[in-house]
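Listed below are the residues making up each chain.
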Amino acid sequence: MVIVHRTMVHRAGFVFHSPEVVNVPFCGQLNRQRPRGFLFGDAMLVHKGHRIQLQPSQAQQVVFRQWAGAYRWAYNYGLERKKAEHEATGKSPGAYSLMQEVVALKKTDEYAWLRDVAKSIPRIALMHLEEAYNNFFRRCKDGAAKKGYPRWKSRKRSKVVLHLEPDTVTVEGKRIRIPKLGWVKMTKPLRFEGELVGTVAISERAGKWYASFNVQTEHVPAEKQGGAVGIDLGVATLATLSDGTTFENPKAIRRHGQLLARAQRQMARKQKGSNRWHRAKLRVARIQKHIADVRADAIHKATRYVADTYSLVALEDLNVSGMVRNHHLAKSVSDAAMSEFGRQVGYKVGWEQGEVTTISRWFPSSKLCGACGCINDDLTLADRTWTCDCGAVHNRDQNAAANILAEALRIHRGFPVTARGGDATGRPAKREQTCQVGLA
Ligand SMILES: [Zn+2]
């Protein structure tokens, strides 16, 4: 199994130096805007995620599915009540008063089944609903194109997931104790030491169960040997760095892509809803999950190397709102990989106390000649190398990475640059290095 670790924080890293901030109690478990880390001498307190595969018994799986249903029920109950109250009175009840309603319902015969559900499940569902409303109102205020009004949780659309409050579970070696259910086996112990924060999410994917933990843990930033680096993210090559380091896409992705296509064709030939169709569907889901795991592993390794090595990291801003959505599958998958790469660079470089600079998406990084500054408008996506009128021969990705670095250094004038990171003109250093990553 591939370990996926992530952070709940989606913004670029900020370090809070004020010691008062450290003592602020953890206010609101669902506050996604909270700072990424606190400086604590040399170490930082950061939130690290760890997803571990579970080995629940058949009976425990049944309970998990029921509880996932209870989570959806509480969410939908809150949504319905909010809508009804808003129509009647113009105000809508908050998570706390909705929770009191749920507690009252528990005492009725009709909702007796709620008593068998872990207490924190409806509570977290209602907090998630509150958060969805807050996000909706914020987007309305910001005038966003997509407001995203909270939707019903449906069994078909939502993945099977339930959330538990961290102080209600106990993790001990390779097992986790869940209220009203008892011990559930895990395939490996929790990797980080520290306090559990956020929620513990139990979810099902491709027939397997996982628990996702967020741990507040101490992190000592790496000693970085490289200076500044520019990164070009691409389709053919996962990432090209301005100093010549490249990260290839794992070969397994391509191979499994062919397997996936065949499995999908086989599924299409089966009678929808039949046993054979369900088996074929599970097989498709398993291959999809394997590809996603391999890709995630490659991105984690590459971004870890970048965060451990460089103190200033420049890359293109990939999260521009209004970015054209691409419906071509391969393209949208690589777009997703690129934005995931950018997200991970954001928080990992933050942990290592480096700096990330994003360059406008409209900066012509590929078309610009790093030697003379001309723009080559004839450059197409298929051109892997090109020759400028000035005589310079460029590797497309390498040139783009160097241009991204040069642009970042223009913004950060005066940043110290070492030989590994390229010189102040942004031209790459002579050294060439290739890192093959992934499971292939
Ligand atoms: Zn030129």
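A brief report on the enclosed structure follows. From a predicted model like this one, the values you see are computed outputs, not experimental measurements. (Residues numbered from 1 in each chain as written. Predicted model: local features only at pLDDT ≥ 70, side-chain atom pairs only at ≥ 80, totals over all residues.)

## Description of the nonpolar core
- By size, the foremost hydrophobic cluster in this structure holds 43 residues, and its most contacted members are Ile-231, Val-313, Ala-314, Ile-404 and Leu-405.
- Residue contributions to this core peak at nine residues, all from helix H6 (residues 275-309).
- Non-local contacts of Ala-314, meaning those with residues more than four positions away in its chain, are made with Ala-228, Gly-230, Ile-231, Thr-357, Ile-359, Ile-404, Leu-405 and Ala-408.
- Counting 33 residues, the second largest nonpolar core, distinct from the first, contains Ala-68, Leu-129, Ile-202 and Val-215. (Core = buried A, V, L, I, M, F, W, Y, C linked by C-beta atoms within 7 Å. Buried ≥ 20, exposed ≤ 12 C-beta atoms within 10 Å, placed from the backbone. Helix = DSSP H or I, 4+ residues; strand = E, 2+ residues; numbered from the N terminus. Contact = placed C-beta atoms within 7 Å.)

## Some details on helix H3 (residues 95-106)
- Over its 12 residues, H3 extends 16 Å from the first C-alpha to the last, a length consistent with the 16 Å expected when each residue adds 1.5 Å.
- Every buried residue of H3 is accounted for by Ala-95, Leu-98 and Val-102. Angularly, the buried residues of H3 cover 65° about the axis, an arc narrow enough to put them on a single face. In H3, the exposed positions angled more than 90 degrees off the buried face are occupied by Tyr-96, Ser-97, Gln-100 and Ala-104.
- Those residues of H3 hidden inside the fold are in contact with helix H2 (58-89) and helix H4 (120-142). (Expected span 1.5 Å × (residues − 1). Arc of directions from axis to C-beta.)

## What about the packing of H2 against H4?
- Interaxial distance between H2 and H4 falls to 8 Å at its minimum, and their mutual angle equals 45°. Taken together, H2 and H4 sit at an angle that is classed as oblique. By crossing handedness, the relation of H2 to H4 is classed as right-handed. In this structure, H2 contributes Trp-67, Ala-70, Tyr-71, Ala-74, Tyr-75, Gly-78 and Leu-79 to the contact, and H4 contributes Ile-121, Pro-122, Ala-125, Leu-126, His-128 and Leu-129.
- Across the contact of H2 with H4, the residue classes break down as 11 nonpolar, two polar and no charged. (Axes fitted to C-alpha atoms, helices over the stretch in contact; angles between N-to-C directions. Parallel < 35°, antiparallel > 145°, perpendicular 65-115°, else oblique. Left-handed = near helix turned anticlockwise from the far one by under 90°. Nonpolar A, V, L, I, M, F, W, Y, C, P; charged D, E, K, R; others polar.)

## Section: the packing of H3 against H4
- Taken N-terminus to C-terminus, the directions of H3 and H4 make an angle of 150°; their axes are 9 Å apart at the nearest point. Considering their axes alone, H3 and H4 lie roughly antiparallel with respect to each other. The handedness of the crossing between H3 and H4 is right-handed. Here Ala-95, Leu-98, Met-99 and Val-102 of H3 come into contact with H4, specifically with Pro-122, Arg-123, Leu-126, Met-127, Leu-129 and Glu-130.

## Section: the environment of Cys-372
- With respect to the helices, strands and loops of the structure, Cys-372 is situated in the loop between strand S14 (355-359) and strand S15 (385-387).
- Between the C-alpha atoms of Cys-372 and Cys-390, which are 18 residues apart in sequence, the distance is 6.8 Å.
- Residues in contact with Cys-372, not counting those within four places in the same chain, are Cys-388, Cys-390 and Ala-392.

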